[in-house]
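# Secondary and tertiary structure notes
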Amino acid sequence: MRYTEIKEYPAGLLEAVGKYVHHELKLQTGQDLSDDQMQGLDMVLHQLKERERIALLYRYKDRMTYREIGQKYGVTRSRIEQMLSKCLRKLAHPSRWGYVVRGYQGQTEYLKAVKKEDENCS
């Protein structure tokens, strides 16, 4: 099974990533994502390796256990747990998480403003 586009974010994924967010970019618990934020989520998920992205979707969309995912990949439950933990940390990084919190367009505009501000300071 291949996942290509996220139509609806998997329940629990944002909360799981939120546990790794240690900066000012936070979502409100239970907040629905706008279309722009969904576009941002889709973009950051596609920055992960395909194997990582699919494993995340198995876990949070299909609600598979670590053991079930491990059986699909031919690895142990603990290896899947390690891989998914690393994926969640990657997603929580401010350079990626900003696309989810601010939305794709919002983050793009934010980065342009920061770049312009940096150029003015130089």
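The structure contained in this document is the topic of the report that follows. Because the structure is predicted, anything quoted here is derived from the model rather than measured.

To continue, consider the packing of helix α4 (residues 66–73) against helix α5 (residues 77–92). In the contact formed by α4 and α5, the axes pass within 8 Å of each other and the chain directions differ by 100 degrees. As far as their axial angle goes, α5 and α4 are roughly perpendicular. Here Y66, R67, I69, G70 and Y73 of α4 lie close against α5, whose contacting residues are R77, I80, E81 and L84. Looking at side-chain class alone, the contact of α4 with α5 contains five nonpolar, one polar and three charged residues.

Turning next to a nonpolar patch on the surface. Nonpolar side chains collect at one region of the surface, where Y110, L111 and V114 lie side by side and expose about 230 Å² of accessible area between them. With respect to the helices, strands and loops of the structure, L111 is situated in helix α7 (residues 104–121).

To continue, consider the packing of helix α3 (residues 50–60) against α5. Where α3 meets α5, the axes come as close as 10 Å, and the angle between the chain directions of the two elements is 100 degrees. Considering their axes alone, α3 and α5 lie roughly perpendicular with respect to each other. Contacts between α3 and α5 involve R51, E52, A55, L56, R59 and Y60 from the former and M83, L84, C87, L88, K90 and L91 from the latter. Tallied by class, residues from the contact of α3 with α5 come to eight nonpolar, no polar and four charged.

What counts, and where the lines are drawn
Residues numbered from 1 in each chain as written. Predicted model: local features only at pLDDT ≥ 70, side-chain atom pairs only at ≥ 80, totals over all residues. Heavy atoms only, no water. Axes fitted to C-alpha atoms, helices over the stretch in contact; angles between N-to-C directions. Helix = DSSP H or I, 4+ residues; strand = E, 2+ residues; numbered from the N terminus. Parallel < 35°, antiparallel > 145°, perpendicular 65-115°, else oblique. Contact = heavy atoms within 4.5 Å. Nonpolar A, V, L, I, M, F, W, Y, C, P; charged D, E, K, R; others polar. Patch = residues over 30% accessible without salt bridge, like charges linked within 9 Å, V, L, I, M, F, W, Y side chains within 5 Å. Areas by Shrake-Rupley, 256 points an atom, 1.4 Å probe, with all protein chains shown as cover. Salt bridge = Lys/Arg side-chain N within 4 Å of Asp/Glu carboxyl O.

Shape is all these values report; function is a separate question.
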